Amino acid sequence: MPGEPNPRRRRLGAEVRHRRVELGWSLETSAKQLGYGSASTAHKIESGHQKITLQQLPHFLSVLGVAEQGAQEFWRELVVSANSDDWHERFPGDADDPFGSYATDIELARSAFLWSPTAPHGLLQHPLTERAIIEADLAWSTPDDVEKFVSVRAELRERVLSRQPPPAITSVLTEGQLRQEIGGRAGVHRQAAHLAELARSVPGITILVIPFSVGAHAGIDGPFMLMTFPTGRTSVTIEGRRAALQIHEADVVDEYKRVSEQMADDALSAEDSLTFLDQLAEEYA
């Protein structure tokens, strides 16, 4: 049953591919073990072009040896929701890829490490910061466009931050981006106070600040997001203006994990970062 790959099918396909690699199987071996006549069918499943039905799921779990209950439940969730409208279908023109794919992934993720060298991540932006950034983006040409995208972002933020259990989110920010006067001096004040409030009041959110004095740091090469899913798999997303790169290869993912760990070491502790944010908010009040 071929079809267009959507984020949920791609995520399930990535899980199938991870498990095949762990078993040391080629595509040909995987196809044979699953009862398919050719490797091309196995490839379509792994790329998200061919879905797995609910009736087929127990066979896949058995053959691939997916025994952990949490992993089984996550696979089932992906199969059941495979035909649900994704963000780009619900909000055409306002949540097209790469945003639409990222939004689905962050909804599904158990934890995330967020790093952008330009501004706080969208999930953590104060409305004043968010509006200033969206209005400055040439992708939105009319006030109505801006309002619609603000609404989309607000819905995603609500769905992620109110989820139970909440995802564990770690965001590293630099002093330079926190002092960038996005929305004016009031924007700096409100954003710093907002980040401190999120870290104190939302379970699972950790904000870490790299001060000017650190100089060059491990993440200076560019932005990335690490997202870990209920199966324990982690992938890297490098998002651009019109495209995003998703990386699943274990050695590359491990490299980005090392970068994230070093960035956390470069930053102030979580407690000292909160103190920094409080002082910054007071300075720009």
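Anything mentioned here points back to the structure above.
In this text the structure is predicted, and so the values were computed from the model without any measurement.

Attention shifts here to the overall build of the protein. When helices and strands are counted, the protein shows 13 helices and six strands. For 285 residues, the compact-globule estimate of 2.2 N^0.38 gives 19 Å, and the protein sits close to it at 20 Å. Looking at the protein as a whole, 47% of its 285 residues are labelled buried. Relative to all contacts within the protein whose residues are 6 or more apart in sequence, the contacts with residues 24 or more apart total 74%. For the protein, the computed accessible surface area is about 13600 Å², with 51% contributed by carbon and sulfur atoms. Taking the 28 positively charged and 41 negatively charged side chains of the protein as two groups, their mean positions are separated by 6 Å.

This next bit is on the environment of I205. Tracing the backbone through its elements, the reader meets I205 in strand β3 (residues 205–210). Since its relative accessible area comes to 6%, I205 is described here as buried. Spatially, the C-alpha atom of I205 lies 7.9 Å from that of S171, the residues being 34 residues apart in sequence. Beyond its immediate stretch of four places on either side in the chain, I205 contacts L124, L161, I169, L198 and A199.

Another point: helix α13 (residues 270–283). Over its 14 residues, α13 runs 20 Å from end to end, which matches the ideal 20 Å to within 8%, given 1.5 Å per residue. Buried-residue contacts for α13 involve α10 (175–179), α11 (184–201) and β3.

The rules behind each value
Residues numbered from 1 in each chain as written. Predicted model: local features only at pLDDT ≥ 70, side-chain atom pairs only at ≥ 80, totals over all residues. Heavy atoms only, no water. Helix = DSSP H or I, 4+ residues; strand = E, 2+ residues; numbered from the N terminus. Rg over C-alpha atoms; globule rule 2.2 N^0.38 Å. Buried < 20%, exposed > 50% of the residue type's maximum accessible area, 1.4 Å probe, protein only. Contact = heavy atoms within 4.5 Å. Areas by Shrake-Rupley, 256 points an atom, 1.4 Å probe, with all protein chains shown as cover. Lys, Arg positive; Asp, Glu negative; His and termini not counted. Charge placed at Lys NZ, Arg CZ, Asp CG, Glu CD. Expected span 1.5 Å × (residues − 1).

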